Amino acid sequence: MYSILVGGGNVGLALAKRLLGNNYEILLLEKDPVQAERLAALIGESNVAVGDGCEMLVQKEIGFGRADVVIAVTGEDEDNLVVCQMAKVVWNVDRVLARVNDPAHESIFTRIGIDDTVSATGIIYSLLEQQIMSDTVLPVGALGRGNIEVMEIKLSNRSPAVNKRVRELRLPLQTNIVWVIRGDQGISVDGDTELLAGDMVVALVPRDGAEELRDALVPQKP
Amino acid sequence: MKVVIFGCGRTGSSLGLQLASRGHYVTIIEQNPSALRRLGKDHGCHIIIGSGLDEDILNKAGIEEADAFFAVTRGDNTNLMAAQIVKLDHNVPRVCVKVADPLRAEAYRNLGFFCITPSALTAGYMRDWFTEQPLEAISEYNVLPKELEI
């Protein structure tokens, strides 16, 4: 499998090292000759080429036509977009992957058919969001004229409910855990179901039971 | 008509002045305020400082009501990306892109974009001037010269 990486900054270099370590055939393309020389000293001359990855002549020379994967990881979204788009439409490369620096640009990449994008900001944000949202009891709906609430809780590894069976939990009266979402699988729940860290628990709770549910599932603040 | 021009270099400023003096409603997007001096005084264009790749800036420039968009910064890739944002996300009916690299221009012409390659126009006109050929339509010059095909 031949992978072309466009952009020899920190991301490109780290990625190139990992791929070489796993014995993949790669070529790291870098526009700046001085930086390219530095890269060649680090990962070997035969794995580095100098040139602008947006230039069709360069693309031809380094073999876009026989690449299985083209990965664009420069710091400029417009460059990554053009590299990937040309790889797809001019050279029929099967798989292209683009680094997206500004998450607001992700939609245009998708719109033009570059389906695989990686946005560092997006990843950090979603990790952060998971941290913030764990152990928070969120009302997601109401049933029976508002007398029963549907609550959602994501269990952190500090939750007192983790590694316990549902029957061992001290749930409020008339409260039912109806569903657990684990990864992207939904699991129907009975008394023997064991809860794990990271589970998204969906419960039906009488209106005044939310506080007690929180006590059963959410770690006490120190 | 309402037009939005991204880039106030030699091309963008000249285009903006020519269209504004013909009564069109011209909005110019430019990142660098000092580039605006090219417009002189009383230029009659509306100015938005920022990048044409930025959704908020495009909206501020009135992209939703624009009849045409011209991407004329000095960066081919910036122009090509902006052109695709306004065409796909904002349905601007007419989009014109300046692309200096003739090969890249050809690739995007094949995708349906109207790309103007200044060097190809200049070289073609100069060739015909030198060989004393009658000048032809722009479409005869604004193509990938066959000597450059790969």
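Everything below is about the structure shown above.
The text that follows walks through the structure, step by step, so that each part is easy to find. Within each chain, residue numbers correspond to sequence positions counted from 1 in written order. Chains carry letters from A onward and ligands carry numbers from 1 onward, assigned in written order. Where local features are concerned, this predicted model is filtered to residues with pLDDT of at least 70; where side-chain atom pairs are given and counted, the filter is 80 or more; whole-chain, interface and lining totals use all residues. Computation of side-chain values covers all heavy atoms of the structure but excludes hydrogens and water.

To summarise the sheet geometry, strands pair through backbone hydrogen bonds and adopt either a parallel or an antiparallel arrangement. Residues and elements named next belong to chain A. When DSSP finds at least two bridges between two strands, those strands are taken to pair. Strands are runs of DSSP state E lasting at least 2 residues, helices are runs of H or I lasting at least 4, and numbering of each runs from the N terminus. The strand order E3-E2-E1-E4-E5-E6 describes an open sheet built from six strands, whose pairing is parallel. Only two strands of the sheet have a single neighbouring strand rather than two, namely strand E3 (48-50) and strand E6 (116-118). Taking the axes of each pair of neighbouring strands and ignoring which way they run, one obtains an average angle of 20° across the sheet. Inspection of the sheet shows strand E5 (residues 95-99) paired to E6 by three bridges, in the parallel sense. Pairing of Ala98 across the sheet is with Thr117, part of E6. Contacts from helix H1 (residues 10-21) reach strand E1 (2-6), strand E2 (25-30), strand E4 (69-72) and E5 within the one sheet, and its direction differs from that of E2 by about 165°. Axis definition: a line fitted to C-alpha atoms, over the contacting stretch in the case of helices. Angles run 0 to 180 degrees between N-to-C directions. Two residues qualify as a contact provided that any one of their heavy atoms is within 4.5 Å of a heavy atom in the partner residue.

On to a positive patch on the surface. A cluster of basic residues, B:Arg10, B:Arg37, B:Arg38 and B:Arg74, forms a positive patch on the protein surface. Along the chain, the position of B:Arg38 falls in the loop between strand E2 (25-30) and strand E3 (46-49). The patches reported here contain residues having more than 30% relative accessible area and no salt bridge. Joining distances are 9 Å for like charges and 5 Å for nonpolar side chains (Val, Leu, Ile, Met, Phe, Trp, Tyr). Residue exposure ignores everything except the shown protein chains as possible cover, and the areas themselves are Shrake-Rupley values with a 1.4 Å probe. Criterion for a salt bridge: a side-chain nitrogen of Lys or Arg within 4 Å of a carboxyl oxygen of Asp or Glu. Within this scheme the basic residues Lys and Arg register as positive and the acidic residues Asp and Glu register as negative, but His and the chain ends are omitted. Every charge is mapped to an atom, namely NZ of Lys, CZ of Arg, CG of Asp or CD of Glu.

Moving on, we come to the pairing of E2(A). Residues and elements named next belong to chain A. Of all six residues in E2, five are buried; the element is thus mostly enclosed. Pairing of E1 with E2, which is carried by five bridges, proceeds in the parallel orientation. From the neighbouring strand, Ser3 faces E2, where its bridge partner is Ile26. Seen with its strands pointing away from the viewer, a crossover is right-handed if its path from the first strand over the helix to the second goes clockwise. Handedness of the crossover joining E1 and E2 through H1: right-handed. Sheet analysis places E2 next to E3, joined by three bridges and oriented parallel. In the strand pairing of E3, Leu28 is matched with Val48. Type-normalised accessible area, obtained with a 1.4 Å probe on protein chains alone, sets the label of each residue: buried when under 20%, exposed when over 50%, and partly exposed for intermediate values.

Quick look at helix H4 (residues 102-109) of chain B now. An α-helical turn contains 3.6 residues, so a residue and the one three or four places further along point in the same direction. Within H4(B), six of the eight residues are buried, leaving the element largely enclosed by the surrounding structure. Within the sequence span of H4(B), burial applies to B:Pro102, B:Leu103, B:Arg104, B:Ala105, B:Ala107 and B:Tyr108. In this structure, the buried residues of H4(B) make contact with helix H3 (56-61) and helix H4 (77-89) of chain A together with helix H3 (76-90) and strand E6 (114-116) of chain B. Under this definition, polar contacts are N or O atom pairs within 3.5 Å; protein pairs additionally need one hydrogen-donor-capable and one acceptor-capable atom, and for neighbouring residues in sequence, both atoms have to be side-chain atoms. Capping the start of H4(B) is the job of one residue whose side-chain oxygen sits 3.1 Å from the backbone nitrogen of B:Leu103: B:Asp101.

Attention shifts here to the pattern of salt bridges. A full pass over the atoms with the stated rule returns 10 salt bridges over all chains. Note that A:Arg95 and A:Asp116 form a salt bridge whose closest N and O atoms lie 2.8 Å from each other. Of this pair, A:Arg95 sits in strand E5 while A:Asp116 sits in strand E6; the two residues are 21 residues apart in sequence, bridging distant segments of the chain. Judged by relative accessible area, which is 29%, A:Asp116 ranks as partly exposed. Residues B:Arg127 and B:Asp128 are paired through a salt bridge, measuring 3.1 Å at the closest nitrogen-oxygen approach. The network of salt bridges with common partners includes A:Glu55, B:Asp101 and B:Arg104.

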